[in-house]
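# Topology and contacts: notes
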Amino acid sequence: MKNLALLLALLSFCLVTSLQAQSNPASTTTDNSSGMQTIPAPPRNIMPLTLNHKPNPTQPPAEVAAQIDKFFKGLKAGDYPNAYETFLAGTRLGEQKEKMSAMISKTEDVFGIFGKLNDYEIFDNYSIGSNVLVLTYLSRHDIQPLRWRFIYYRPDKTWGVINMGLDDALLDLLD
């Protein structure tokens, strides 16, 4: 199963790389010494295909847990715009109104498909170095759970969310 997932990821990467080279030949550069062409890597998705470690469902730092708790309580109340605006206030994501609007719209769409938010729990908590925190939560709905990924960064003494996403790709969480 893991080999199939790895093969599919490799094929997807090759297809994306090939399509980028065809659609944007200006992005391809040539190394004059060898004549080889190099293509820049595609942007990285924050929702990886599989976990590289055993999930660690420990609670994040209190200040982060309180922000996420307030966010999910706002979503549970059905006030999606206010939940996002409050959660992302003072962040670069909060300044990107079009991106925030798209996240609100996606949330409305998936809640319309999978049902209202009943509750949520932490699934995974891991660090990248000492100043990046990656949190995965599962929200429980009438039809099926959803996966939420929050990435926090601590440039000084305060944690701030720098990226987030949600999806229904639960098969990625299975071994």
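Anything mentioned here points back to the structure above.
Note that this is a predicted model, so its numbers are computed, not measured.

Cut-off values and rules
In this convention, every chain numbers its residues from 1, walking through the sequence in written order. Thresholds applied to this predicted model are a pLDDT of at least 70 for local features of residues and 80 or more for the giving and counting of side-chain atom pairs; totals over whole chains, interfaces and linings are not thresholded and use all residues. Values shown for side chains rest on all heavy atoms present in the structure; no hydrogens or waters enter the calculation. The helix count covers DSSP runs of H or I at least four residues long, the strand count covers runs of E at least two residues long, and both are numbered beginning at the N terminus. To sort residues, take the accessible area from a 1.4 Å probe on protein chains only and compare it with the maximum for the residue type: under 20% means buried, over 50% means exposed, and anything in between is partly exposed. Any pair of N or O atoms that falls within 3.5 Å is considered a polar contact. Within protein, one atom must be able to donate a hydrogen and the other to accept it, and sequence-neighbouring residues count only if both atoms are side-chain atoms. By construction, the arc corresponds to the directions joining the helix axis to the C-beta atoms. By definition, residues are in contact when any of their heavy atoms lie within 4.5 Å. Here a pair means two rings of Phe, Tyr or Trp (six-membered ring of Trp) with centres within 6.5 Å. Their orientation is stacked below 30 degrees between planes, edge-to-face above 60, and tilted elsewhere. By definition here, a salt bridge exists when the distance from a side-chain nitrogen of Lys or Arg to a carboxyl oxygen of Asp or Glu is within 4 Å. Among buried residues, the Ala, Val, Leu, Ile, Met, Phe, Trp, Tyr and Cys ones that are joined through side-chain atoms within 4.5 Å form a nonpolar core. To define axes, lines are fitted to C-alpha atoms, for helices over the stretch in contact only, and angles between the resulting N-to-C directions are given on a 0 to 180 degree scale. An angle counts as roughly parallel when it lies under 35 degrees, as roughly antiparallel when it exceeds 145, as roughly perpendicular when it falls between 65 and 115, and as oblique in every other case. It is the rotation of the near helix from the far one that decides the hand of a crossing: anticlockwise by less than a right angle makes it left-handed, clockwise makes it right-handed.

## Some points on the side chain of histidine 141
You can see histidine 141 is positioned in strand S4 (residues 132-141). Exposure remark for histidine 141: the relative accessible area of 4% places this residue in the buried category. In terms of polar contacts, histidine 141 uses its side chain to reach the backbone carbonyl oxygen of glycine 115, at 2.9 Å. Separated by 3.2 Å, the side chain of histidine 141 and the backbone oxygen of lysine 116 make a polar contact.

## Quick notes on helix H3 (residues 80-88)
Within H3, burial applies to Tyr80, Ala83, Tyr84, Phe87 and Leu88. One face of H3 carries all of its buried residues, which in axial projection span an arc of 105 degrees. Against the buried residues of H3 lie helix H2 (62-76), helix H4 (92-95), helix H5 (97-114), strand S5 (146-153) and strand S6 (160-167).

## Points about the packing of aromatic side chains
Within this structure, the stated rule accounts for 14 aromatic pairs. Taking the centre distance of 5.8 Å and the plane angle of 85 degrees together, the rings of tyrosine 137 and phenylalanine 150 count as edge-to-face. Pair noted here: tyrosine 137 is in strand S4 and phenylalanine 150 is in strand S5, with a separation of 13 residues, a long-range link. A relative accessible area of 4% places tyrosine 137 in the buried class. Take phenylalanine 150: its relative accessible area is 0%, and that puts it in the buried class.

## Overview of the pattern of salt bridges
This structure, assessed with the given rule, holds 3 salt bridges. Lysine 73 is the partner of aspartate 69 in a salt bridge, and the nearest nitrogen-oxygen pair spans 3.2 Å. With aspartate 69 and lysine 73 both in helix H2, this residue pair falls 4 residues apart, about one helical turn. What makes aspartate 69 partly exposed here is its relative accessible area of 26%. Lysine 73 sits in the exposed class, given a relative accessible area of 52%. Of the charged contacts in the structure, one is a salt bridge between arginine 147 and aspartate 167, with a shortest N-O distance of 2.7 Å.

## Describing the nonpolar core
Phe71, Leu75, Tyr84, Trp148, Phe150, Tyr152 and Met164 are the most contacted members of the largest nonpolar core, which has 30 residues in total. When residues of this core are traced back to their parent elements, those giving at least two are H2, H3, H5, strand S3 (117-128), S4, S5 and S6. A per-element tally of this core places H5 first, with 6 residues.

## Digging into the packing of H2 against H3
Interhelical geometry of H2 versus H3 gives an angle of 165 degrees and a closest axis separation of 8 Å. The pairing of H2 with H3 is recorded here as roughly antiparallel in orientation. Regarding H2 and H3, the two cross each other, and that crossing is right-handed. Of the residues in H3, those in contact with Gln67, Ile68, Lys70, Phe71, Gly74 and Leu75 of H2 are Tyr80, Ala83, Tyr84, Thr86 and Phe87.

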